[in-house]
Amino acid sequence: MSDQHRPQAPDPQDFLAVDSTLSAEEADIRDTVRAFADRELRPHVAEWFEAGTLPDPRGLARAFGGLGVLGMHLQGYGCAGAGAVSYGLACRELEAVDSGLRSFVSVQGSLAMFAIHRFGSEEQKAAWLPRMAAGEAIGCFGLTEPDSGSDPGSMRTRARRDGSDWVLDGTKMWITNGSVADVAVVWAATDEGVRGFLVPTDTPGFTANTIHRKLSLRASITSELVLEGVRLPGDALLPGSSGLGSPLSCLNEARFGIVWGAAGAARACYSAALDYAATREQFGGPIAGFQLTQRKLADMVLDVNQAGLTALQIGRLKEAGACHRNHISLGKFGNVAAAQRVARAARSLHGANGITLEYPVMRHMVNLETVATYEGTEEIHALSIGQAVTGIPAFR
Ligand SMILES: Cc1cc2nc3c(=O)[nH]c(=O)nc-3n(C[C@H](O)[C@H](O)[C@H](O)COP(=O)(O)OP(=O)(O)OC[C@H]3O[C@@H](n4cnc5c(N)ncnc54)[C@H](O)[C@@H]3O)c2cc1C
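A. Representation of the packing of helix 7 (residues 245-279) against helix 9 (residues 325-349). In the contact formed by helix 7 and helix 9, the axes pass within 8 Å of each other and the chain directions differ by 20°. Considering the angle they form, helix 7 stands roughly parallel to helix 9. Along this stretch, helix 7 crosses helix 9, giving a crossing that reads as left-handed. Packed against helix 7, whose contacting residues are Asn252, Arg255, Phe256, Ile258, Val259, Ala262, Ala266, Cys269, Tyr270, Ala273, Tyr276 and Ala277, the element helix 9 presents Arg325, Ile328, Gly331, Lys332, Asn335, Val336, Ala339, Val342, Ala343, Ala346 and Leu349 at the interface.

Here it is, written out as structure tokens:
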């Protein structure tokens, strides 16, 4: 066999050459987001994580807007109209820096903007989407409540009609970007079932309280939203929303970003471990030379590549209009678990250094605890997959 026809040895950073199937445009988006992340985010993220906040969320929103990733998979209204795989690649590159930064983009684009795009009136879309795409306005998405998490059908937040107005009362919990948002997409029970409302955050009766002392997703702002007699005009209702299926369809969009993002976090941990193993010496040689280290690295390569392939396949199904919500459940369930395994192994491989913010591994490891919990816990996705394959619901 001539050298020309001999297969190339695998690239340790992309062992199965998953990215070789990307189109030129997709590869370009990947490179642009990666370069932005390396320049604007990676140098600061440990500091933000340690501080337990994002020091300049408005500046960050404008930077993400300039990059074109806010609502990038939506059509019109200043959004880029990119394909599902391109959007996934952006999520992957952002979460390779930090899950909190990918969450910022997911909540803005896939939860708040998607809800307005899918269920909003023309006036609502024109009023909010172009500003949100540019990062001039920040949105949040309020579904979870103190007593209603995995079972959002048990929500207590109520919206009642009063003449032509709506009046909202209730509490939302764990809401990403709640205290920095300009508009909250709030889901509330009405006499006609669950509906979505656009609540400008300066409306009297609306308060957002930042949640402190988090040990995970620290480079992200998480809030409680309190609604006390929040009076809204009739046109604050998202007219296309009807029933719990509406917020759940938004969550499905955001989970798609998690499928890719988790693959990014896994890759970042594996990459850090590979570098560390090559340079850290014990017993007279690099720890990469020990069989037990190589087993850890082999397991990581497998998880990283399988997660990458899963994300790509789900992205291609989505582009073909053939992606069912159970496909996304499988991707979220599998890829987050894979990323958790990789992060834990990478942390152990870093020894004592692995518990510091000098290295990214434990930051990713604790972030992934949130990623495994939000947008449907791992148990809820296991139940969805179980129902899909047996036909028997086991949620109750
Ligand atoms: C940092 C962060 C950011 C978030 N951002 C947002 C946001 O922007 N907007 C928003 O609306 N929400 C947000 N969430 C909330 C998140 O979606 C919820 O935490 C999640 O849905 C789980 O709800 P819960 O925490 O109430 O847990 P619970 O539902 O109380 O679950 C507790 C445990 O019970 C298990 N469990 C529940 N039901 C079953 C069952 N039928 N069978 C077996 N086990 C079960 C769960 O899997 C879990 O292990 C965020 C959460 C975090 C941590």
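After presenting the structure, the write-up continues.
B. Spatial organisation of the domain arrangement of the chain. Annotation of the chain at the domain level lists domain 1 (18-133), domain 2 (139-236) and domain 3 (245-390). Measuring from the centre of the C-alpha atoms in domain 2 to the corresponding centre in domain 3 gives 30 Å. For the pair domain 2 and domain 3, the summed buried area comes to about 770 Å², and 74% of that belongs to carbon and sulfur atoms. Applying the counting rule to domain 2 against domain 3 returns zero salt bridges. Joining domain 2 to domain 3, the criterion identifies three residue pairs in polar contact (both at pLDDT 80 or more). The residue makeup of the side of domain 2 that touches domain 3, split by class, is seven nonpolar, two polar and one charged.

C. Examining the packing of helix 4 (residues 84-95) against helix 7 more closely. In the contact formed by helix 4 and helix 7, the axes pass within 7 Å of each other and the chain directions differ by 40°. Comparing the axis directions of helix 4 and helix 7 gives the class oblique. Remark: the crossing between helix 4 and helix 7 carries right-handed chirality. Facing helix 4, whose interface residues are Ala84, Val85, Tyr87, Gly88, Leu89, Cys91, Arg92, Glu93 and Glu95, helix 7 presents Phe256, Gly257, Trp260, Gly261, Ala262, Ala263, Gly264, Ala265 and Arg267. Taken together, the residues that form the contact of helix 4 with helix 7 break down as 10 nonpolar, four polar and four charged.

D. Main features of the nonpolar core. Residues Leu41, Phe64, Leu168 and Trp187 are the most contacted members of the largest nonpolar core, which totals 87 residues. Tallying contributions element by element places helix 5 (residues 99-119) first for this core, with 11 residues. In this structure, Tyr270, Met300, Val301 and Val336 belong to the second largest nonpolar core, which totals 29 residues.

Reading the values: the criteria
Residues numbered from 1 in each chain as written. Predicted model: local features only at pLDDT ≥ 70, side-chain atom pairs only at ≥ 80, totals over all residues. Heavy atoms only, no water. Axes fitted to C-alpha atoms, helices over the stretch in contact; angles between N-to-C directions. Helix = DSSP H or I, 4+ residues; strand = E, 2+ residues; numbered from the N terminus. Parallel < 35°, antiparallel > 145°, perpendicular 65-115°, else oblique. Left-handed = near helix turned anticlockwise from the far one by under 90°. Contact = heavy atoms within 4.5 Å. Domains from an automatic or database assignment. Buried area = accessible area lost by both parts, 1.4 Å probe. Salt bridge = Lys/Arg side-chain N within 4 Å of Asp/Glu carboxyl O. Polar contact = N/O pair within 3.5 Å; in protein donor to acceptor, adjacent residues only side chain to side chain. Nonpolar A, V, L, I, M, F, W, Y, C, P; charged D, E, K, R; others polar. Core = buried A, V, L, I, M, F, W, Y, C linked by side-chain atoms within 4.5 Å. Buried < 20%, exposed > 50% of the residue type's maximum accessible area, 1.4 Å probe, protein only.

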